[in-house]
Amino acid sequence: IEYDCTQFQILNPAYDEGSWTPALAGASVAGTQTYSSRVGRYIRIGDLVTVFGTIVMTAKDAATAGTATITGLPFTASTVASLEPGGAAVQDWENIFLIANYTCLGIAVASGAATATLQQSGSGQPGLPLNTTGIIATSALFFTFQYRIN
């Protein structure tokens, strides 16, 4: 970045945009879900990636187990020590069940990976990973989030 006393100018930023295919999986047993829609787009500027995604399921593999994850991110997240690579609240979701007293669904990008975990939170409650038991055959996610890459 250069500043000439009147404006900031980005010099030779790495810029890329494209598509990716998001999926819902379990961290212990990924499972093979069936979808009516899986759409993902991304914009990369330098080391910052913004992803947009829609996941609409029509069937859930009964073997799916563990923390619920979004897989297939277009780039591997940063591994910078003591810095979470990224995340955000989920814009909208359908047929995803949080535990009692939890009202918000978020996304936390895993350091050094191309996956993100679904996190649940609520007023006065500690943040917890969402277990795949909260995902059913007709679950849907609509999201946008950012994360850093190396």
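In the block above lies the structure referred to throughout.
What this report covers is the structure whose coordinates are included nearby. This structure is a prediction, so every number in the text was calculated from the model and none was measured.

1. Details of the environment of Asp61
If you trace the backbone, Asp61 turns up in the loop between β6 (48-59) and β7 (68-71). Under the relative-accessibility criterion, Asp61 is labelled partly exposed at 24%. Sequence spacing of Asp61 and Gln33 is 28 residues, and the spatial spacing of their C-alpha atoms is 5.4 Å. Setting aside its immediate chain neighbours within four residues, Asp61 contacts Gly31, Thr32 and Gln33. Within the local environment of Asp61, its side chain forms a polar contact with the backbone nitrogen of Ala63, the two atoms lying 2.9 Å apart.

2. Section: the sheet that holds β6
A sheet is described by the order of its strands in space; here five strands give the open sequence β3-β5-β6-β13-β9, paired in antiparallel fashion. Edge strands, defined here as strands with exactly one partner in the open sheet, are β3 (15-20) and β9 (92-96). Neighbouring strand axes in the sheet, compared pairwise and without regard to direction, differ in orientation by 10° on average. Pairing geometry for β9 and strand β13 (residues 135-148), over four bridges, is antiparallel. Across the sheet, residue Trp93 finds its bridge partner in β13, namely Leu141.

3. Some thoughts on the environment of Ser28
The topology assignment puts Ser28 in the loop between β4 (23-26) and β5 (34-45). For Ser28 and Leu128, which are 100 residues apart along the polypeptide, the C-alpha to C-alpha distance reads 16 Å. In this structure Ser28 touches Ala65 and Gly66, once residues within four positions along its chain are discounted.

4. Remarks on the nonpolar core
In this structure, Leu24, Ile70, Leu118, Leu141, Phe145 and Tyr147 are the most contacted members of the largest nonpolar core, which totals 28 residues. Mapped by element, the contributors of at least two residues to this core are β4, β5, β6, β7, β10 (104-109), β11 (115-122) and β13. Ranked by residue count, the leading element in this core is β13, at five residues. Leu118 has contacts with Leu24, Thr67, Ala68, Ile70, Leu105, Gly106, Ile107, Leu128, Pro129, Leu130, Ile135 and Leu141, leaving out every residue within four places of it along the chain.

5. A short note on empty space enclosed by the protein
According to the stated counting rule, one finds one cavity of 30 Å³ or more in the structure shown. Estimates place the volume of the largest cavity at around 40 Å³. What lines the largest cavity is simply Leu24, Ala25, Gln33, Lys60, Thr64, Ala68, Thr132 and Ile135. A per-class count over the lining of the largest cavity returns four nonpolar, three polar and one charged.

6. A short note on the pattern of salt bridges
Overall, the coordinates contain one salt bridge when judged by the stated rule. Close ionic contact of Asp47 with Arg148 constitutes a salt bridge, the shortest N to O distance being 2.7 Å. Here Asp47, found in the loop between β5 and β6, pairs with Arg148, found in strand β13; they are 101 residues apart in sequence, far enough to count as distant. What makes Arg148 partly exposed here is its relative accessible area of 36%.

7. Digging into unusual backbone geometry
For Asn95, which is not glycine, the phi torsion reads 55° and is therefore positive. In this structure, Asn95 sits in strand β9. A relative accessible area of 36% means that Asn95 is categorised as partly exposed. Backbone geometry at Asn101 places phi at a positive 75°, although glycine is not the residue there. Relative to the helices and strands, Asn101 resides in the loop between β9 and β10.

Thresholds applied
Residues numbered from 1 in each chain as written. Predicted model: local features only at pLDDT ≥ 70, side-chain atom pairs only at ≥ 80, totals over all residues. Heavy atoms only, no water. Helix = DSSP H or I, 4+ residues; strand = E, 2+ residues; numbered from the N terminus. Buried < 20%, exposed > 50% of the residue type's maximum accessible area, 1.4 Å probe, protein only. Contact = heavy atoms within 4.5 Å. Polar contact = N/O pair within 3.5 Å; in protein donor to acceptor, adjacent residues only side chain to side chain. Pairing = 2+ DSSP bridges. Axes fitted to C-alpha atoms, helices over the stretch in contact; angles between N-to-C directions. Core = buried A, V, L, I, M, F, W, Y, C linked by side-chain atoms within 4.5 Å. 1 Å grid on protein atoms, 1.4 Å probe; cavity = no way out; pocket = protein on both sides within 12 Å on 5 of 7 lines; lining within 4 Å. Points joined across faces, edges and corners; volume = space filled by probe spheres on them. Nonpolar A, V, L, I, M, F, W, Y, C, P; charged D, E, K, R; others polar. Salt bridge = Lys/Arg side-chain N within 4 Å of Asp/Glu carboxyl O.

Geometry only, nothing functional implied.
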